[in-house]
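For reference, the chains in residue letters:
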Amino acid sequence: FLLSASGTGTLFVQSYGAVIRRELAAGERFVVDNRYVLAFSHSVTYLLVKASEGLKDSLVSGEGLVNRYEGPGEIFFQTRSRQRSGGVVSSMINMAT
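Quick summary incoming for the structure in this document.

This brings us to unusual backbone geometry. The peptide bond linking G71 to P72 adopts the cis configuration, its omega dihedral lying at 25°. Looking at the secondary structure, you find P72 in the loop between β5 (65-70) and β6 (73-80).

Below, the structure written as structure tokens:
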């Protein structure tokens, strides 16, 4: 499920670990496990893909499916997922439309 937010201001999010901001240039691709993604710009497109070439390899590796994002725009992700975290970190993301 995706939640959409728009407007100008501050968006509060909760994360497990630090929040990392990555600026994607037009056409630049970035792959990240979907458990780590917090937010991304409306201008960024994404596609759910297998983590490796074969389905069997993807499932055996423990990764399964990942998200492939393509810019331009920003993507925010966390350094840990819920399963491996020790605590919750509250963060703010400054959003501009």
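Moving on, there is more to tell.
Along the chain, S41 turns up in the loop between β3 (37-40) and β4 (45-50). Residue class for S41 comes out buried when judged on its relative accessible area of 18%. Distance in space between the C-alpha atoms of S41 and E74 is 5.4 Å, their sequence separation being 33 residues. Excluding residues that lie within four positions of it along the chain, S41 makes contacts with G73 and E74. Reaching out from S41, the side chain makes a polar contact with the backbone nitrogen of E74 at a distance of 2.9 Å.

This next bit is on the environment of L47. Among the structural elements, L47 can be located in strand β4. With residues up to four places along the chain from it excluded, the contact list for L47 reads V66, N67 and R68.

A separate point is the nonpolar core. Within the largest apolar cluster, 9 residues are counted, these being L24, F30, V32, Y36, V37, V44, Y69, I75 and F77. Of all the secondary-structure elements, those providing two or more residues to this core are β2 (29-33) and β6. When neighbours within four sequence positions are excluded, V37 is seen to be in contact with V32, N67, Y69, F76 and F77.

About the cut-offs
Residues numbered from 1 in each chain as written. Predicted model: local features only at pLDDT ≥ 70, side-chain atom pairs only at ≥ 80, totals over all residues. Heavy atoms only, no water. Helix = DSSP H or I, 4+ residues; strand = E, 2+ residues; numbered from the N terminus. Buried < 20%, exposed > 50% of the residue type's maximum accessible area, 1.4 Å probe, protein only. Contact = heavy atoms within 4.5 Å. Polar contact = N/O pair within 3.5 Å; in protein donor to acceptor, adjacent residues only side chain to side chain. Core = buried A, V, L, I, M, F, W, Y, C linked by side-chain atoms within 4.5 Å.

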